[in-house]
Amino acid sequence: MKGGFYGLRAKELSLVTILLMCTAVFILTWKRTPLLSTFPPQGGLQLTPDILVSSPAVGLGKDKVAFVVKESKNEKIEKQEIGKEEIEAVENEKGESENEESRKVRRETAESGKEVKENEETEQAAAPTSHVQRSSESSNIIGSNYLSVPIENNGSTSTNLSFGGKNGENSMAHRGNQACNYANGKWVVDHNRSLYSGFGCKQWLSEMWACRLTRRTDFSYEKLRWQPKDCQLEEFEGSNFLKRMQNKTLAFVGDSLGRQQFQSLMCMITGGNEGDGVIDVGEEYGIARAHGNARPSGWAYRFPSTNTTILYYWSASLCNIEPIDKTNPNTDYAMHLDRPAAFLSQNIHRFHVLVLNTGHHWNRGKLNANRWVMHIRGTRNTDKNIQVIWKARNLTIHSVINWVNSQLPKYPNLKVFYRSISPRHFVGGEWNTGGSCDNTNPMSIGKEVVQDESSDAVAAAAVKGTGVKLLDITGLSQLRDEAHISRFRSSSGSSDCLHWCLPGLPDTWNEILFAQL
């Protein structure tokens with residue numbers, strides 16, 4: 001009996017083992033055998049919330065489709081080519097959930113991409129305006145002309161958009177670089193810098209900003225180059241710039257930081273070399289040295305070889321300022337917050353590229369020293385709410401940009417940029433209370449910017465929904481506290497932590513501007 005029982009048990013175990021093996025083989029065959037894949041699915045394809053499809057994305061060629069995929073942390077980006085269609089799965093670097101603004105931007109990107117596919121050439125020509133309008137709807141808080149990602153020091157969520165192009169090219173570096181967010185990127189060492197000599201360019205560069213002529217001994221700040229995250233900055237060449245601006249006029253209108261950008265560009269175009277071929281045409285624009293002034297209200301120069309004019313006009317507030325009593329030399333001045341500077345309204349028809357900025361002159365001390373009195377609708381302001389400095393500034397920025405935007409249909413060849421604010425780096429006080437910026441080590445604050453929106457929320461909100469583009473330099477400049485003039489020029493011990501050494505950071509602002517012309 002025992003033998004029979006154990007013999008029967010052994011047979012049963014063998015049958016069970018065989019059955020399990022067959023089941024395992026069947027399951028493996030089901031997954032791997034193409035024949036079994038012909039069985040109809042039990043339901044439609046279900047995509048998890050972690051997979052977001054954008055098809056196609058802005059800037060894609062007709063044969064390209066881009067998927068934006070949120071993957072878990074540290075997963076690699078997988079690329080698969082199917083016939084002529086290239087599907088790029090782009091990782092969300094830290095695996096955190098996207099906010100609603102990011103999702104909405106992606107949906108709008110997908111919709112705009114459909115328009116590109118229907119009529120690619122026409123859409124490319126109209127892209128700057130339509131892109132601005134779409135961007136303006138993407139956020140309830142701050143508008144931006146760029147698709148961007150959050151700024152972090154230690155890395156958190158960042159969202160990447162993958163753009164394909166014909167022949168495998170990254171179209172973010174093409175189509176006028178409209179898709180490239182130049183505000184995101186990192187500083188890298190480049191021993192081929194600077195773009196001109198800090199000892200030269202005396203024809204254009206103010207001595208007070210030429211740090212090579214000061215007591216400073218460390219010039220490593222000259223050797224940094226800005227590398228955008230998703231595209232390449234075109235190498236600046238003065239001859240290329242002049243060809244691109246042939247028979248055109250570029251105007252900087254703003255405060256002393258705008259003047260630094262103007263002087264930087266003049267040095268970049270000429271390589272710092274003096275030349276007799278450049279003509280002073282300031283009188284054509286009403287720019288002349290006023291009696292008793294230490295310097296003129298601006299400068300204008302023309303390069304005859306290409307008939308290119310570069311000018312700067314000093315307007316610290318961008319609004320119209322006029323004497324209340326023209327017969328009284330000690331009169332106060334009406335500061336019309338809702339009117340553009342007279343120079344703008346009188347000359348905008350002559351410009352092809354316009355770069356505006358304001359910011360650092362908006363303080364009570366400056367207004368009182370200049371005897372500027374706020375006016376609204378042509379009369380002295382009595383609204384205590386507007387009397388608050390930062391509110392008055394914001395009102396002016398919005399008013400000027402809205403006015404400029406209203407002029408764009410009249411001048412379709414005009415490109416207008418509003419440059420975001422240049423950051424200050426005073427530590428331990430202000431310029432007149434012992435503040436300083438003694439650091440001379442590059443990238444000690446950080447080297448990378450990854451942000452969702454501009455660090456200058458006021459500027460971003462002002463250009464939102466307009467044809468004016470944001471020249472967003474605030475975040476990348478915030479990392480460069482070592483590049484200021486600092487205490488090296490002063491004999492009194494005070495520090496200039498507002499203006500920059502030249503050659504220096506404003507050169508990068510002009511490289512980004514050049515890339516968008």
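Preceding this section is the structure that the text describes.
Calculation criteria
- Throughout, residues of each chain are indexed from 1 in the direction in which the sequence is written.
- Only residues with pLDDT of 70 or above have their local features reported here, since the model is predicted, and side-chain atom pairs are shown and tallied only from 80 upward, although totals for entire chains, interfaces and linings are computed over all residues.
- Values shown for side chains rest on all heavy atoms present in the structure; no hydrogens or waters enter the calculation.
- What is meant by a nonpolar core is a set of buried Ala, Val, Leu, Ile, Met, Phe, Trp, Tyr and Cys residues, joined one to another through side-chain atoms within 4.5 Å.
- Classification of residues uses two cut-offs on accessible area relative to the type maximum, computed with a 1.4 Å probe and protein chains only: under 20% is buried, over 50% is exposed, and between them is partly exposed.
- Strands here mean DSSP runs of E at least two residues long; helices mean DSSP runs of H or I at least four residues long; both are numbered from the N terminus.
- Only heavy atoms matter for contacts: two residues are in contact if any of them lie within 4.5 Å across the pair.
- Paired strands, as defined in this entry, are two strands with at least two bridges between them according to DSSP.
- By definition, disulfides here are pairs of cysteine sulfur atoms that lie within 2.5 Å.
- A cavity here means a set of 1 Å grid points, computed over protein atoms only, where a 1.4 Å probe fits but cannot escape. A pocket is an open set with protein on both sides within 12 Å along at least 5 of 7 lines, and lining residues have an atom within 4 Å of a point.
- Grid points are joined across faces, edges and corners, and a volume is the space filled by probe spheres set on the points.
- Each residue gets one label: Ala, Val, Leu, Ile, Met, Phe, Trp, Tyr, Cys and Pro are nonpolar, Asp, Glu, Lys and Arg are charged, and the others, such as Gly, are polar.
- Salt bridges are defined by distance alone: a side-chain nitrogen of Lys or Arg within 4 Å of a carboxyl oxygen of Asp or Glu.
- To obtain each axis, a line is fitted to C-alpha atoms, and for helices this fit is confined to the stretch in contact; angles are then taken between N-to-C directions over 0 to 180 degrees.
- Between the first and last residue of a helix there are one fewer steps than residues, each counted as 1.5 Å, and that sum is the expected span.
- Between rings of Phe, Tyr and Trp, where Trp is taken as its six-membered ring, a pair exists when centres lie within 6.5 Å; planes separated by under 30 degrees are stacked, by over 60 edge-to-face, and by other angles tilted.
- By definition here, charges over rings are those cases where NZ of Lys or CZ of Arg is within 6 Å of the ring centre and within 35 degrees of the ring normal.

**Student:** I tried to follow the nonpolar core on my own but got confused; where do I start?
**Tutor:** When a protein is soluble and globular, its nonpolar side chains tend to lie buried together. F241, L250, F252 and I310 are the most contacted members of the largest nonpolar core, which totals 56 residues. Among the elements that make up this core, the one with the highest residue count is helix 5 (residues 256–270) (7 residues). Look past the residues within four positions of I310 in its chain and what remains in contact with it is F241, L250, F252, F262, L265, M266, I269, W299, A300, Y301 and F303. The next biggest cluster of nonpolar side chains, apart from the first, holds 30 residues, and it includes V253, V400, Y418 and L470.

**Student:** For this particular structure, what's the right way to read the sheet that holds strand 5 (residues 185–189)?
**Tutor:** Consider a sheet: its strands pair through backbone hydrogen bonds, and that pairing is either parallel or antiparallel. Ordered in space as 6-5-17, the 3 strands form an open sheet in which the pairing is antiparallel. Both outer strands of the open sheet, strand 6 (224–228) and strand 17 (448–449), are each paired with one neighbouring strand and no more. Examined bridge by bridge, strand 5 and strand 6 share 5 bridges and lie antiparallel to one another. Residue pairing across strands places G185 opposite P228, the latter belonging to strand 6.

**Student:** What is the right way to look at the state of the cysteines in this model?
**Tutor:** Here, the word disulfide means a covalent bond between the sulfur atoms of two cysteines. Scanning the model with the defined rule gives 4 disulfides in all. Each sulfur of the disulfide joining C180 and C231 lies 1.7 Å from the other. Taken together, the residues C180 in the loop between helix 3 (120–136) and strand 5 and C231 in the loop between strand 6 and helix 4 (238–244) connect sequence positions 51 residues apart. You can call C231 buried: its relative accessible area is 6%. Put simply, C211 and C501 are joined by a disulfide, and their sulfur atoms are 2.0 Å apart. The sign of the -80 degrees torsion about the S-S bond sets the C211-C501 disulfide as left-handed. Here the residue C211 occupies a position in the loop between strand 5 and strand 6, and C501 occupies one in the loop between strand 20 (496–500) and helix 12 (505–515), the gap between them amounting to 290 residues.

**Student:** Sorry if this is basic, but what is going on with empty space enclosed by the protein here?
**Tutor:** Leftover empty space is mapped by rolling, across the atoms, a probe with the size of a water molecule. All told, the structure shown has 8 cavities of 30 Å³ or more when counted by the stated rule. For the largest cavity, the calculated volume is near 80 Å³. Taken together, 13 residues line the largest cavity, and the ones lying closest to its centre are R193, E222, L224, G504 and D507. Ranked by residue count, the leading element in the lining of the largest cavity is helix 12, at 3 residues. Each residue belonging to the lining of the largest cavity can be placed in one class, and the counts come to 6 nonpolar, 3 polar and 4 charged.

**Student:** Would you take a moment to explain the pattern of salt bridges for this structure?
**Tutor:** Two side chains carrying opposite charge are able to pair once their charged atoms lie near each other. All chains considered together, the criterion is met by 9 salt bridges. One salt bridge connects D438 with R487, and the closest N-O pair in it is separated by 3.1 Å. A residue pair is termed long-range when its members are at least 10 positions apart, and D438 in the loop between strand 16 (415–419) and strand 17 and R487 in the loop between strand 19 (484–486) and strand 20 qualify at 49 residues. Across the pair R480 and E482 runs a salt bridge, and its minimum N-O distance is 2.7 Å. The exposure classification of R480 matches that of E482, with both residues buried.

**Student:** How should I be thinking about the sheet that holds strand 18 (residues 469–471) in this particular structure?
**Tutor:** With mixed pairing, 7 strands are arranged side by side in an open sheet as 8-9-10-7-13-16-18. What marks the edges here is a single partner per strand, and that holds for strand 8 (279–280) and strand 18. Strand direction decides the pairing type here: strand 9 (residues 298–303) and strand 10 (residues 308–314), joined by 6 bridges, are antiparallel. Its bridge partner lying in strand 10, R302 is registered against T309. Against the sheet, helix 5 touches strand 7 (249–254), strand 9, strand 10, strand 13 (353–356), strand 16 and strand 18, its axis set at about 160 degrees to strand 10.

**Student:** I tried to follow helix 9 (residues 389–407) on my own but got confused; where do I start?
**Tutor:** Since the α-helix packs 3.6 residues into each turn, any two residues three or four apart lie on the same face. An ideal rise of 1.5 Å per residue puts 27 Å on 19 residues; helix 9 measures up with 27 Å between its terminal C-alpha atoms. Within helix 9, the full set of buried residues consists of I389, A392, N394, T396, I397, S399, V400, I401, W403, V404 and Q407.

**Student:** Help me out: how do you make sense of the environment of A210 in this one?
**Tutor:** With respect to the secondary-structure elements, A210 resides in the loop between strand 5 and strand 6. What makes A210 buried here is its relative accessible area of 3%. For the pair A210 and P503, spaced 293 residues apart in sequence, the C-alpha separation works out to 7.3 Å.

**Student:** Got a minute to help me understand the pairing of strand 10 in this structure?
**Tutor:** For a regular strand, the rule is simple: side chains alternate between the two faces of the sheet. Among the 7 residues in strand 10, 6 count as buried, and that is most of the element. Pairing between strand 7 and strand 10: 6 bridges, direction parallel. Looking at the pairing, F252 lines up with Y312 of strand 10. In sequence, strand 9 turns back onto strand 10 through a hairpin of 4 residues, with N307 there showing a positive phi of about 55 degrees.

**Student:** Explain unusual backbone geometry to me, please; I cannot follow it from the model alone.
**Tutor:** With an omega dihedral of 10 degrees, the bond running from R193 to S194 counts as a cis peptide bond. One can find S194 in the loop between strand 5 and strand 6. Omega for the peptide link from L502 to P503 comes to 0 degrees, which places this bond in the cis form. Tracing the chain through its elements places P503 in the loop between strand 20 and helix 12. The phi dihedral of S486 is positive, around 60 degrees, even though this residue is not glycine. With respect to the helices, strands and loops of the structure, S486 is situated in strand 19.

**Student:** How should the packing of aromatic side chains be read in this particular structure?
**Tutor:** Aromatic ring pairs are described here by two measures, namely the spacing of the ring centres and the angle between the planes. According to the stated counting rule, one finds 13 aromatic pairs in the structure shown. Considering the side-chain rings of F236 and F241, the 5.8 Å spacing of their centres and the 35 degrees angle between planes classify their relative orientation as tilted. The two residues F236 and F241 agree in class, both being buried. Ring pairing ties together the aromatic residues W204, F252, F262, W299, Y301 and Y312, which thus form one cluster. Lying over the aromatic face of F219, R212 brings its terminal NZ or CZ to 3.9 Å of the ring centre. In this arrangement the basic side chain of R480 is found over the ring face of W187, its NZ or CZ atom lying 4.5 Å from the centre.

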